[in-house]
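Spelled out from the first residue to the last, the chains are:
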Amino acid sequence: MSSLQSRILIGMIGFPSVVYVILNHIHIFNIIVIICFVLAFKEFVKIINTFSNRTYWFLFGIVYIFGSMVSLIYLRNIDSILNTPFTFLLFAGVMINDSMAFIFGKAIGGPKILPNISPKKTYAGLLGGLFGSIVFITVCDMYFLNGYTNFKLSNTDKIFFVFVFNIVGFCGDSFESFIKRKAKIKDSSGILLGHGGMFDRLDSLILTTPVTMFYVIAYYL
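Residues numbered from 1 in each chain as written. Predicted model: local features only at pLDDT ≥ 70, side-chain atom pairs only at ≥ 80, totals over all residues. Heavy atoms only, no water.

1. Describing the overall build of the chain
- A count of helices and strands for the chain gives 7 helices and 2 strands.
- Each helix (α) and strand (β) of the chain, taken in turn from the N terminus, gives the series α-α-α-α-β-β-α-α-α.
- Carbon together with sulfur atoms contributes 69% to the accessible area of the chain, which is approximately 11600 Å² in total. (Helix = DSSP H or I, 4+ residues; strand = E, 2+ residues; numbered from the N terminus. Areas by Shrake-Rupley, 256 points an atom, 1.4 Å probe, with all protein chains shown as cover.)

See the structure below:
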């Protein structure tokens, strides 16, 4: 099975499952989040094991990864209190952005953005992710968020989420690629077939989550 086929298969199964849990089972969601972030942290520790300044990176990883975990749990709690869809938008938007960036980058190729850090990232992939994010937010605003009677995406919300999915997510993904390149490894682990490790899958989410949480706190609490 190729990497693309594996991504499609896991996406077809994983995407609706994740969305269902986010929207309907807050406690199960929190448990899954804790498990995934603990696994990501274990992979992170394994990656930095060869670094000369391991203590610094270890402390950084605690704040970076578990700070994001706490932010994600808190964001879902805000949704539960306010009846808002921010956790869903974050998860689904990041997944769609990553998938579209991968598909466009694979199909079109072209100039690399960070050839010395992440040689597979292309401008075509970045534009594909941007296109996917805009379509996702537009469709959600028109159809999927009608059930939230006291909530509607503002123009500021739409711009913010497209920015988060593309720019912040890209920075998180690139930072993880930098760490792996520094450690001279390709994937954080092989736990997910065709997807690398849990740290690989959460790279964009780790940085986009606290940014989204602070935005929601600033504008909705």
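Now that the structure is up, let's keep going.
2. Considerations on the confidence of the model for the chain
- A residue-level look at the chain finds 89% of positions with pLDDT of 70 or above and a mean pLDDT of 88.
- Confidence, expressed as mean pLDDT per element, reaches its minimum in the chain at helix 1 (residues 3-24) with 71 and its maximum at helix 3 (residues 54-82) with 96. (pLDDT = per-residue confidence, 0-100.)

3. Here's the deal with the packing of helix 6 (residues 155-183) against helix 7 (residues 198-220)
- In the contact formed by helix 6 and helix 7, the axes pass within 8 Å of each other and the chain directions differ by 145 degrees. As for how helix 6 packs across helix 7, the hand of that crossing is right-handed. Along its contact with helix 6, which presents Thr156, Asp157, Phe160, Phe161, Val164, Val168, Gly169, Cys171, Gly172, Asp173, Glu176 and Lys180, the element helix 7 presents Phe199, Asp200, Asp203, Ser204, Leu207, Thr208, Val211, Thr212, Tyr215 and Tyr220.
- Taken together, the residues of the contact of helix 6 with helix 7 sort by class into 10 nonpolar, 6 polar and 6 charged. (Axes fitted to C-alpha atoms, helices over the stretch in contact; angles between N-to-C directions. Left-handed = near helix turned anticlockwise from the far one by under 90°. Contact = heavy atoms within 4.5 Å. Nonpolar A, V, L, I, M, F, W, Y, C, P; charged D, E, K, R; others polar.)

4. Here we look at the pattern of salt bridges
- Tallied over the full model, the rule gives 5 salt bridges.
- The partner of Asp200 in a salt bridge is Lys180, and the shortest N-O contact between them spans 2.8 Å. Of this pair, Asp200 sits in helix 7 while Lys180 sits in helix 6, and the two are 20 residues apart along the sequence. Taken individually, Asp200 and Lys180 each receive the classification buried, so the pair is uniform in this respect.
- Among the charged side chains, a network of salt bridges with common partners joins Asp141, Lys152 and Lys158. (Salt bridge = Lys/Arg side-chain N within 4 Å of Asp/Glu carboxyl O. Buried < 20%, exposed > 50% of the residue type's maximum accessible area, 1.4 Å probe, protein only.)

5. Let's talk about helix 3
- In this model helix 3 runs 41 Å from its N-terminal to its C-terminal C-alpha over 29 residues, within 8% of the 42 Å that 1.5 Å per residue would give.
- The set of residues buried in helix 3 consists of Trp57, Gly61, Tyr64, Ile65, Ser68, Met69, Ser71, Leu72, Leu75, Arg76, Ile78 and Asp79.
- Trailing helix 3 by a residue or two, Asn83 shows a phi angle of about 55 degrees, which is positive. (Expected span 1.5 Å × (residues − 1).)

6. Here's the deal with the side chain of Thr87
- Assignment of secondary structure puts Thr87 in helix 4 (residues 86-108).
- Ignoring any residue separated from it by four or fewer positions in sequence, one finds Thr87 in contact with Ile22, Phe29, Leu72, Leu75, Arg76 and Asp79.

7. Some thoughts on the packing of aromatic side chains
- For the structure on display, the rule yields 24 aromatic pairs.
- Aromatic pair Phe151 and Tyr220: ring centres 6.0 Å apart, planes at 45 degrees, arrangement tilted. Of the two residues, Phe151 sits in the loop between helix 5 (123-144) and helix 6 while Tyr220 sits in helix 7, which places them 69 residues apart along the sequence.
- Given a relative accessible area of 7%, Phe151 falls into the buried group.
- Taken together, the ring pairs in this structure connect Phe86, Phe88, Phe136, Phe151, Phe160, Phe161, Phe165, Tyr215, Tyr219 and Tyr220 into an aromatic cluster.
- Lys182 extends its terminal NZ or CZ atom over the ring of Phe51, reaching a point 5.1 Å from the ring centre. (Phe/Tyr/Trp six-rings, centres within 6.5 Å; stacked < 30°, edge-to-face > 60°. Lys NZ or Arg CZ within 6 Å of the ring centre and 35° of its normal.)

8. Remarks on the environment of Leu72
- You can see Leu72 is positioned in helix 3.
- Separated by 19 residues in sequence, Leu72 and Phe91 place their C-alpha atoms 9.9 Å apart.
- Not counting residues within four places of it along the chain, the set of residues in contact with Leu72 comprises Phe29, Val33, Phe37, Thr87, Leu90, Phe91, Leu205 and Thr209.

9. Structural notes on the side chain of Thr84
- Structurally, Thr84 is set in the loop between helix 3 and helix 4.
- Since its relative accessible area comes to 7%, Thr84 is described here as buried.
- Of note is the side chain of Thr84, whose polar atom sits 2.6 Å from the side chain of Asp79.
- Dropping the residues within four chain positions of it, Thr84 is found in contact with Ile78, Asp79, Tyr148 and Phe151. (Polar contact = N/O pair within 3.5 Å; in protein donor to acceptor, adjacent residues only side chain to side chain.)

10. Points about unusual backbone geometry
- Despite not being glycine, Asn83 has its phi angle at roughly 55 degrees, a positive value.
- Along the chain, Asn83 falls in the loop between helix 3 and helix 4.
- Even without glycine at this site, Lys184 takes up a positive phi of about 60 degrees.
- Along the chain, Lys184 turns up in the loop between helix 6 and helix 7.
- By relative accessible area, which is 76% here, Lys184 ends up exposed.

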